[in-house]
Amino acid sequence: MGLDEVKNDIINDAEKEASRIINETNKEAETLIKKAQTDLEKIEKEELEKLKDELSVFERKEIALVNLESKKLLFEKKKKIINNVVDTAKKEIVNMSKTTKITLLKKLVKKANNEFEVSIIYCNKTETPIIKSCSKNVEIKNTEMSGGIIAENKEKTMRVDLSYDTLFDEIYENMLQELAQVLF
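The rules behind the values
Residues numbered from 1 in each chain as written. Predicted model: local features only at pLDDT ≥ 70, side-chain atom pairs only at ≥ 80, totals over all residues. Heavy atoms only, no water. Helix = DSSP H or I, 4+ residues; strand = E, 2+ residues; numbered from the N terminus. Rg over C-alpha atoms; globule rule 2.2 N^0.38 Å. Contact = heavy atoms within 4.5 Å. Areas by Shrake-Rupley, 256 points an atom, 1.4 Å probe, with all protein chains shown as cover. Salt bridge = Lys/Arg side-chain N within 4 Å of Asp/Glu carboxyl O. Buried < 20%, exposed > 50% of the residue type's maximum accessible area, 1.4 Å probe, protein only. Patch = residues over 30% accessible without salt bridge, like charges linked within 9 Å, V, L, I, M, F, W, Y side chains within 5 Å. Lys, Arg positive; Asp, Glu negative; His and termini not counted. Charge placed at Lys NZ, Arg CZ, Asp CG, Glu CD. Disulfide = S-S within 2.5 Å. Core = buried A, V, L, I, M, F, W, Y, C linked by side-chain atoms within 4.5 Å. Pairing = 2+ DSSP bridges. Axes fitted to C-alpha atoms, helices over the stretch in contact; angles between N-to-C directions.

Asker: Just to check I follow, could you spell out the overall build of the protein for this structure?
Answerer: If you tally the helices and strands in the protein, you get four helices and four strands. The helix and strand sequence of the protein, counted from the amino end, reads α-α-β-α-β-β-β-α. Here the C-alpha atoms of the protein give a radius of gyration of 47 Å, more than 25% beyond the 16 Å that 2.2 N^0.38 yields for 184 residues. Counting only C-alpha atoms and orienting by the principal axes, one finds that the protein spans roughly 155 × 35 × 25 Å. Once local pairs closer than 6 in sequence are excluded, the contacts in the protein between residues at least 24 apart make up 55%. Accessible area of the protein: about 14,500 Å², with a carbon and sulfur share of 56%.

Asker: Is there a simple way to think about the pattern of salt bridges in this case?
Answerer: Should their charged atoms come close, side chains of opposite charge can pair. Following the criterion strictly, the structure yields seven salt bridges and no others. Note that Glu 17 is salt-bridged to Arg 20, the shortest N-O span being 2.2 Å. With Glu 17 and Arg 20 both in helix H1 (residues 3–94) and three residues apart, this pair spans about one turn of that helix. By relative accessible area, Glu 17 is classed as partly exposed at 34%.

Asker: Sorry if this is basic, but what is going on with the environment of Ile 130 here?
Answerer: The topology assignment puts Ile 130 in helix H3 (residues 128–134). By relative accessible area, which is 8% here, Ile 130 ends up buried. Sequence separation between Ile 130 and Asn 114 is 16 residues; the distance between their C-alpha atoms is 19 Å. Beyond its immediate stretch of four places on either side in the chain, Ile 130 contacts Lys 101, Ile 102 and Leu 105.

Asker: Can you help me understand a negative patch on the surface in this one?
Answerer: A grouping of Asp 161, Asp 165, Asp 169, Glu 170 and Glu 173 is seen on the molecular surface, where their side chains present a negatively charged patch. Along the chain, Asp 161 falls in strand E4 (residues 159–163).

Asker: Honestly, the state of the cysteines in this entry has me stumped. Any pointers?
Answerer: Two cysteines form a disulfide when their sulfur atoms are joined by a covalent bond. If you walk through the whole model with that rule in mind, you get zero disulfides. In this structure Cys 123 is a free cysteine whose sulfur lies 9.3 Å from that of Cys 134, the closest cysteine sulfur available.

Asker: Sorry, what's going on with the nonpolar core here?
Answerer: Membership of the largest hydrophobic core comes to 17 residues, with the highest contact counts inside it found for Leu 105, Ala 112, Val 118, Ile 121, Ile 131 and Ile 149. Within the residue set of this core, elements represented by two or more residues are helix H2 (98–115), strand E1 (120–123), H3, strand E3 (148–152) and E4. For this core, the element with the most residues is H2, which contributes four residues. Contacts of Ile 131, omitting those with residues within four sequence positions, involve Leu 105, Val 109, Ile 121, Cys 123, Ile 140 and Ile 149.

Asker: How should the pairing of E4 be read in this particular structure?
Answerer: In summary, the side chains of a regular strand alternate between the two faces of the sheet. Two strands pair when backbone bridges link them, and E3 and E4 are joined in this way by five bridges, in the antiparallel orientation. Counterpart to Gly 148 in the pairing with E4 is Ser 163. Taking the residues between adjacent antiparallel strands as the criterion, E3 and E4 are bridged by six residues, where Lys 156 takes a positive phi near 60°.

Asker: Would you mind going over the sheet that holds E3 with me for this structure?
Answerer: Within a sheet, each strand pairs with its neighbour through backbone hydrogen bonds, oriented either parallel or antiparallel. Judged by pairing direction, the sheet is mixed, and its four strands sit side by side in the order E2-E1-E3-E4 without closing on themselves. On the outer flanks of this sheet lie strand E2 (139–142) and E4, each paired with one strand and no other. Sheet twist, expressed as the mean angle between neighbouring strand axes with direction ignored, is 20°. Judged from the three bridges that link them, E1 and E3 form a sheet pairing that is antiparallel.

Right under this line is the structure:
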């Protein structure tokens, strides 16, 4: 065997070894590429799921916020309607007929007298003649109010507020739920 043959054997063996290494490297590269693609698809799928979940949470929050805002607006509208109804009722009471007003004021004076001996009655100017006609031996003082009476005893230690405004405020507070149910 000559030097050329040994040289050719070494070159052939080297080429075979290089070819084998290249094939193995290519196979490993293909395996790594497939694994990387699989991993990438898995990561994309997981990220897509996360985005869907985040979007769902965001949508629920937005829907809840819109519902809350609509309930708030509805509540404000209902409150405005109730206040309009109460204001209309107050106007009707203030502008009731003289006969009805006399009857009502007599009842208010009687109610105050049932609680204590009334000596002073505060009322508005327009109702003073009616109060004088139904309350003897009582000092009457005019004050700014929509109507009704505020009664005190002689010592001014007891007071009962039966003014229309106070009565309406009490009714409003006590019957707000019922009024809302009737109206809506």
